[in-house]
Amino acid sequence: MLISHLALSNFRNYPHLEIDFAPGITLLHGNNAQGKTNLLEAIFFLATARSPHAGAERELIHFGAASEPIPFARVEAKVERASGQTIDLEIVLVTGEEKDLATARVSKRIKVNGVNKRALDLLGNLNVVLFLPEDLDLVFGSPGDRRRYLDTTLSQIDPKYSRALSQYGSIVEQRNALLKEFRERSYNAAELEPWNNKLVENGAYVMARRAQAIDSYNNLVAEIHPRLTAEHKVLKLHYQPTIPIEAFTQNDDASARQLGLGITPPAAPLEQISAAFKQQLADLRTKEVGAALTLVGPHRDDLRFTIDGVDMTTYASRGQGRTIAVALKLAEIELMRAETGEEPVLLLDDVMSELDKPRRAALAHAILNAHQAILSATDLDDFTEEFLGRAKILKVNDGKVEASEMRVDVPEGKSEGESNVPF
Ligand SMILES: Nc1ncnc2c1ncn2[C@@H]1O[C@H](COP(=O)(O)OP(=O)(O)OP(=O)(O)O)[C@@H](O)[C@H]1O
Ligand SMILES: [Mg+2]
């Protein structure tokens, strides 16, 4: 998969940008606050219909657009798929009656090949693996961060997942509103029943799919993690649902079992999950009515990590946490490739500068082998000469992008696609 063209109008600090991208590595180089992250954000936005940064989508509209009759931002890209098919993607953000960008509500219009689509139908047209500096802290972050991480990956590869997740989210909201109503009037089981059914139907799929992905991650990191550390310590991901499901609690690893962490089975038993979810809702009925909240389900799941059975949420060193994050990203690339049959586009926002040499080399290796990788950096010293020789370097300066004068020659005897970056 390849982004061959990107056009921005009034997106963040880009009043107007038209840029062609080639296969291979594109390195966005520039000083701080010039628009490197914003450009990567625009591409991620086209892949997922959401920003990894903005609190509100109005923040994406260029400040200067406020004086226009109808302030808007437009992001467009041309995507070339492995099949030879070309897809035009477009998202327009427009303010409504209120034009003040500090408070305006914006509406989002999405088009795929010129036809209006819902956000859910945009997903999967452009597959990206985004790596941000904050992702390095995934292990130390909140369960919500880790759920978001899984959701971003799975939503891009499984349309059924993104639909189930989105429906699940709105069912939780409506169910919570009903539980709140029960506080004012008496509880009515018949009213709750249909919500419970929908909750279980969508929630069980989300859980089964997360579990299945975690099993795939475990297979992939079994090879990736020792490569990153030059040690034979075993990194394991553990799915931790709020619902006690027998299949997820079995574990032949005694130390992880002590932590209450199971090993996720390869075939997630959808029926077992649904039955356990239903049972848990019945058991917690009084509690949920009291709290006026949906207390269990995939919106409260966590993903945990162990290395040789030691719980990394509690005991990871900074470096160990970062290694886990790099291992996950490398696994994610392979997972996407395997599930979609397409090479994902890699987007890396200044992460090389955050890593030590061996981890940087492992990531550089993945980037060199990627069909297309777009990365940003303030300092070219973070890269080897060979890497720079393979990259097309673009200079980002105050919302403008131009080809850099800088050219680094590829060392003699190296051909395209071949890497000599040592692990
Ligand atoms: N809606 C907007 N309109 C205009 N400018 C904006 C908007 N949103 C953000 N900016 C500005 O865009 C500039 C560039 O931001 P960006 O995060 O892309 O920089 P960067 O090149 O990645 O810098 P760094 O190296 O510090 O990460 C910032 O100065 C920011 O204030
Ligand atoms: Mg940045």
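Just above sits the structure.
Scope of this entry: the structure provided in the associated data block. Just so you know, these numbers come straight off a predicted model, no measurement behind them.

Conventions adopted
Residues numbered from 1 in each chain as written. Chains lettered and ligands numbered in written order. Predicted model: local features only at pLDDT ≥ 70, side-chain atom pairs only at ≥ 80, totals over all residues. Heavy atoms only, no water. Helix = DSSP H or I, 4+ residues; strand = E, 2+ residues; numbered from the N terminus. Contact = heavy atoms within 4.5 Å. Polar contact = N/O pair within 3.5 Å; in protein donor to acceptor, adjacent residues only side chain to side chain. Core = buried A, V, L, I, M, F, W, Y, C linked by side-chain atoms within 4.5 Å. Buried < 20%, exposed > 50% of the residue type's maximum accessible area, 1.4 Å probe, protein only. Domains from an automatic or database assignment. 1 Å grid on protein atoms, 1.4 Å probe; cavity = no way out; pocket = protein on both sides within 12 Å on 5 of 7 lines; lining within 4 Å. Points joined across faces, edges and corners; volume = space filled by probe spheres on them. Nonpolar A, V, L, I, M, F, W, Y, C, P; charged D, E, K, R; others polar. Pairing = 2+ DSSP bridges. Axes fitted to C-alpha atoms, helices over the stretch in contact; angles between N-to-C directions. Phe/Tyr/Trp six-rings, centres within 6.5 Å; stacked < 30°, edge-to-face > 60°.

Some remarks on the side chain of Thr-95
Summarising the element assignment, Thr-95 is placed in strand β5 (residues 86-95). Once residues within four sequence positions are removed from consideration, Thr-95 is found in contact with Ile-61, Ile-70, Pro-71, Leu-101, Ala-104, Arg-105 and Val-106.

Structural notes on the environment of Asp-356
Within the fold, Asp-356 resides in the loop between β12 (345-349) and α12 (357-368). Separated by 33 residues in sequence, Asp-356 and Thr-323 have C-alpha atoms that sit 9.9 Å apart. Of the polar contacts made by the side chain of Asp-356, one reaches the side chain of Arg-359; its length is 2.6 Å.

Some details on the nonpolar core
Counting residues in each nonpolar core, the largest one holds 87 residues, and the members touching the most others are Leu-27, Phe-277, Phe-305, Leu-363, Ile-367 and Leu-375. At 17 residues, helix α5 (residues 189-229) tops the list of elements feeding residues into this core. Split by domain, the residues of this core number at least three in each of domain 1 (2-127 + 342-403) and domain 2 (141-323). Apart from residues lying up to four places away in sequence, Leu-363 is in contact with Phe-131, Val-326, Leu-330, Leu-348, Val-351, Met-352 and Leu-355. Within the second largest apolar cluster, 45 residues are counted, among which are Phe-21, Ala-47, Val-128 and Leu-130.

Comments concerning empty space enclosed by the protein
The full count for this structure, using the stated rule, is 2 cavities of 30 Å³ or more. Each pocket or cavity is described by its volume, and for the largest cavity that value is around 60 Å³. Looking at the largest cavity, the residues that line it are Val-129, Phe-131, Lys-329, Leu-330, Ile-333, Leu-346, Leu-348, Leu-363, Ala-366 and Ile-367. Residue assignment for the lining of the largest cavity shows that the elements contributing at least two residues are β8 (128-131), α11 (318-340), β12 and α12. In terms of residue class, the lining of the largest cavity is made up of 9 nonpolar, no polar and 1 charged.

Describing the sheet that holds strand β7 (residues 115-117)
On the basis of which strands lie adjacent, the open sheet formed by 6 strands has the order β2-β1-β4-β5-β6-β7 and antiparallel pairing. Every interior strand has two partners, whereas the edge strands, β2 (14-20) and β7, have only one. The average undirected angle you get between the axes of adjacent strands in this sheet is 20°. Summarising the sheet, strand β1 (residues 2-11) and β2 pair through 6 bridges and their orientation is antiparallel. Bridge pairing in β2 links Leu-6 to Ile-19. The strands touched by helix α1 (residues 36-48) are β1, β2, β4 (72-80), β5 and β6 (106-112); relative to β1, the strand with the most contacts, the crossing angle is about 110°.

Brief notes about the packing of aromatic side chains
This model, assessed by the stated rule, comprises 4 aromatic pairs. Centroid distance Phe-11 to Phe-45: 6.4 Å. Interplanar angle 35°. Geometry classified as tilted. Here the residue Phe-11 occupies a position in strand β1, and Phe-45 occupies one in helix α1, the gap between them amounting to 34 residues. Exposure class is identical for Phe-11 and Phe-45. Each is buried.

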